[in-house]
Amino acid sequence: MIESLIISLICTIIIEIIISFIIGIRNKKDLLVIVLANTSTNPIVVYIANLISLFNNVILYWGIAIILESIVVIVEYKIIENYVINKKTKALFLSLINNTISFAIGVFINIFI
């Protein structure tokens, strides 16, 4: 389980840094905020998701995954809103795009790889 936590965190950070950079976040401190936001949310969500997957209930898993991802979007939005210097990019937009894309890529990796 620890391996999946580490791999998920590294992949999420890489994906979200790339997306943030594409969207216009260039300041190193702002990118560090993105990294720290993910470091504070990703391991908890992945751990809970791994525990829920043990129940072998797809509906339960996806229901909780959607709730957890929604919470992550809100938490990371507040972190970005409070600490990112680049105010041109809207914090909620950045959080929503980053988390939607990294979640979708994670689902794709889990299904096909």
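Provided above is the structure to which this section pertains.
Predicted, not measured: the structure shown is a model, and the values here were computed from it.

> Help me understand a nonpolar patch on the surface, please; the structure alone is not making it clear to me.
Nonpolar side chains collect at one region of the surface, where Ile101, Ile105, Phe108, Ile109, Ile111, Phe112 and Ile113 lie side by side and expose about 700 Å² of accessible area between them. On the secondary structure map, isoleucine 101 appears in helix H4 (residues 91–112). Accessibility expressed as a relative area gives 34% for isoleucine 101, which makes it partly exposed.

> Would you explain H4 in this entry?
For an α-helix, the turn length of 3.6 residues means that residues three or four places apart are oriented alike. For H4, with 22 residues, the first-to-last C-alpha span of 31 Å sits near the 32 Å given by 1.5 Å per residue. Every buried residue of H4 is listed here: Ala91, Leu94, Ser95, Asn98, Asn99 and Ser102. Seen along its axis, H4 keeps its buried residues to an arc of 110 degrees; they face one direction. Seen from the open side of H4, the exposed residues pointing more than 90 degrees away from its buried face are Ile111 and Phe112. Of the surrounding elements, those touching the buried residues of H4 are helix H1 (2–23), helix H2 (28–53) and helix H3 (58–83).

> Teacher, can you tell me more about the packing of aromatic side chains here?
Within a pair of aromatic rings, the relevant descriptors are the distance that separates the centres and the angle that separates the planes. Overall, the coordinates contain three aromatic pairs when judged by the stated rule. Summarising the aromatic geometry, the rings of tryptophan 62 and phenylalanine 103 are spaced 6.0 Å apart at their centres and angled 90 degrees between planes, so their arrangement reads as edge-to-face. Here the residue tryptophan 62 occupies a position in helix H3, and phenylalanine 103 occupies one in helix H4, the gap between them amounting to 41 residues. We classify tryptophan 62 as partly exposed; its relative accessible area is 34%. Between phenylalanine 108 and phenylalanine 112, the aromatic rings sit 4.9 Å apart at their centres with planes inclined by 45 degrees, giving tilted as the arrangement.

What counts as what
Residues numbered from 1 in each chain as written. Predicted model: local features only at pLDDT ≥ 70, side-chain atom pairs only at ≥ 80, totals over all residues. Heavy atoms only, no water. Patch = residues over 30% accessible without salt bridge, like charges linked within 9 Å, V, L, I, M, F, W, Y side chains within 5 Å. Areas by Shrake-Rupley, 256 points an atom, 1.4 Å probe, with all protein chains shown as cover. Salt bridge = Lys/Arg side-chain N within 4 Å of Asp/Glu carboxyl O. Helix = DSSP H or I, 4+ residues; strand = E, 2+ residues; numbered from the N terminus. Buried < 20%, exposed > 50% of the residue type's maximum accessible area, 1.4 Å probe, protein only. Expected span 1.5 Å × (residues − 1). Arc of directions from axis to C-beta. Contact = heavy atoms within 4.5 Å. Phe/Tyr/Trp six-rings, centres within 6.5 Å; stacked < 30°, edge-to-face > 60°.

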